[in-house]
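Here is what each chain is made of, one letter per residue.
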Amino acid sequence: MTDRKYGKTTADLGFMSVTPMPSRAELEKFYAETYFQTSAAMTYAPTYSPEELDQKRLRARLVLHAITATGRVTALNDARLLEVGCGEGFILQAATEAGCMTTGVDYSEHAIRSFHPDLLPNLRLGDAATVLDNLRDSGETFDVCVLQNVVEHVIDPFDLLAKVRAVMAKDGILLVNVPNDYSPMQTRLQELGWINREYWFSPPDHLHYFNVDNIGGVADRAGFQVVDMFGDFPIELFLFHPGSNYVQDSGKGADAHRARIILDLLLAERGLDAYHDFCRAMSRCGIGRNLCAVMAFK
């Protein structure tokens, strides 16, 4: 399937999708063989530097800060939190430490076993759609749901959002984190000729491409309203200088990544309120390599 030639099509809501769309069987085979945790193909680093670990914990704390900032979930203690695509478990760990009752969903336990093995009892293994249906059928509901880099991978993002909605408390909060693709920054880089390819277009891994301008329409169609939005550090800033353009010269990638980590931690030294405001401003300007849309029922 990775040899297939993919094109692009734009939905009426403004986001890009690949065409042709793979079948569910093809996608499951792709993930089973090439994407999830095996000794041959790892999607997470086996180790991180102390600064990288600090930055991952910072972003997890920001997620919890954004939840309480909505005023809808005022106390995390005893709140029920579900994370679909929990990966290494940094958000689950931060939520557990804050007193939440946490449940994680992922295809593999490899990453969470490597970084947060104490959370393994909280993990539900399997396809997200199937696990969500099982949670719905058992009557479980959650005050907070987190989709961390998930909706861009699924064939039908609205079906997934409907399944998440079915297990949410009526006054609950949903956080959807996606790459900020076909963004103003990427467009300007193409116009200037400073990138020679759409490096973010990566089928069949990513099937849909969202950004700060179209995620609101996605939320609306799924029965949600966006109540907050924030970005993460815009590492693509480094592409505007030939000395740090890691797309033109992949050897510059490690230094750009390290600079991003150091700057992100520096920006957070004034506290989570200030850091949250900075991340909100990035989304308002259309930048940030990823964006997080915080949603509530309409």
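Note that the structure is predicted; figures quoted are calculated from it, not measured.

A. Examining the packing of aromatic side chains more closely. Applying the stated rule across the entire model yields 11 aromatic pairs. When the centroid spacing of 4.9 Å and the interplanar angle of 45° are considered together, the rings of Phe15 and Phe210 count as tilted. Linking Phe15 in the loop between β1 (7-10) and β2 (16-19) with Phe210 in the loop between β8 (208-209) and α8 (215-221), this pair joins segments that are 195 residues apart in sequence. The pair formed by Phe15 and Phe210 is uniform in burial state, with each residue classed as buried. Aromatic pair Phe90 and Phe115: ring centres 5.9 Å apart, planes at 45°, arrangement tilted. Remark: Phe115 occurs in helix α4 (residues 110-115) and Phe90 occurs in helix α3 (residues 90-97); sequence separation between them is 25 residues. A relative accessible area of 10% places Phe90 in the buried class. Every member of this aromatic cluster is reached through a ring pair, and the members are Tyr182, Tyr199, Trp200, Phe201 and Tyr209. Its end group placed over the ring of Phe297, Arg165 keeps NZ or CZ at 4.2 Å from the ring centre.

B. Local environment of empty space enclosed by the protein. Within this structure, the stated rule accounts for one cavity of 30 Å³ or more. If you add up the space inside the largest cavity, you get close to 40 Å³. Around the largest cavity, the lining residues are Val151, Leu161, Val176, Phe210, Ile215, Val218 and Met295. Here the lining of the largest cavity is composed, by residue class, of seven nonpolar, no polar and no charged.

C. Layout of the nonpolar core. By size, the foremost hydrophobic cluster in this structure holds 37 residues, and its most contacted members are Ile67, Leu81 and Leu175. Contributing elements (two or more residues each) for this core: α2 (50-69), α3, α4, β6 (142-148), β7 (168-179), α10 (272-284) and β10 (290-297). When sequence neighbours within four positions are dropped, the list of residues in contact with Leu175 reads Val63, Ile67, Val144, Cys145, Val146, Leu147, Cys292, Ala293 and Val294. Core analysis: the second largest hydrophobic core is formed by 33 residues, Val164, Val212, Ile215 and Met295 among them.

D. Representation of the packing of helix α5 (residues 128-137) against helix α6 (residues 157-165) within the structure. The geometry of α5 relative to α6 is characterised by a closest axis approach of 9 Å and an angle of 25° between their N-to-C directions. When the axis of α5 is compared with that of α6, the two are roughly parallel. Crossing of α5 against α6: the hand is left-handed. Contacts from Ala128, Ala129, Leu132 and Asp133 in α5 reach Leu160, Lys163 and Val164 in α6.

E. Layout of the pattern of salt bridges. By the definition in use, this model includes 20 salt bridges. Its salt-bridge partner being Arg136, residue Asp137 comes within 2.9 Å of it at the nearest N-O pair. The partly exposed category is assigned to Arg136, whose relative accessible area is 41%. The network of salt bridges with shared partners includes Asp133, Arg136, Asp137 and Lys163.

F. Examining the pairing of β2 more closely. Two strands pair when backbone bridges link them, and β1 and β2 are joined in this way by four bridges, in the antiparallel orientation. The partner of Gly7 across the bridge, within β2, is Thr19. With antiparallel pairing between neighbouring strands as the criterion, β1 and β2 make up a hairpin whose turn holds five residues, including Gly14 at a positive phi of roughly 100°. Pairing analysis gives two bridges linking β2 to β8, with the strands arranged antiparallel. Bridged to Met16 within β8 is Tyr209.

Analysis parameters
- Residues numbered from 1 in each chain as written.
- Predicted model: local features only at pLDDT ≥ 70, side-chain atom pairs only at ≥ 80, totals over all residues.
- Heavy atoms only, no water.
- Phe/Tyr/Trp six-rings, centres within 6.5 Å; stacked < 30°, edge-to-face > 60°.
- Helix = DSSP H or I, 4+ residues; strand = E, 2+ residues; numbered from the N terminus.
- Buried < 20%, exposed > 50% of the residue type's maximum accessible area, 1.4 Å probe, protein only.
- Lys NZ or Arg CZ within 6 Å of the ring centre and 35° of its normal.
- 1 Å grid on protein atoms, 1.4 Å probe; cavity = no way out; pocket = protein on both sides within 12 Å on 5 of 7 lines; lining within 4 Å.
- Points joined across faces, edges and corners; volume = space filled by probe spheres on them.
- Nonpolar A, V, L, I, M, F, W, Y, C, P; charged D, E, K, R; others polar.
- Core = buried A, V, L, I, M, F, W, Y, C linked by side-chain atoms within 4.5 Å.
- Contact = heavy atoms within 4.5 Å.
- Axes fitted to C-alpha atoms, helices over the stretch in contact; angles between N-to-C directions.
- Parallel < 35°, antiparallel > 145°, perpendicular 65-115°, else oblique.
- Left-handed = near helix turned anticlockwise from the far one by under 90°.
- Salt bridge = Lys/Arg side-chain N within 4 Å of Asp/Glu carboxyl O.
- Pairing = 2+ DSSP bridges.

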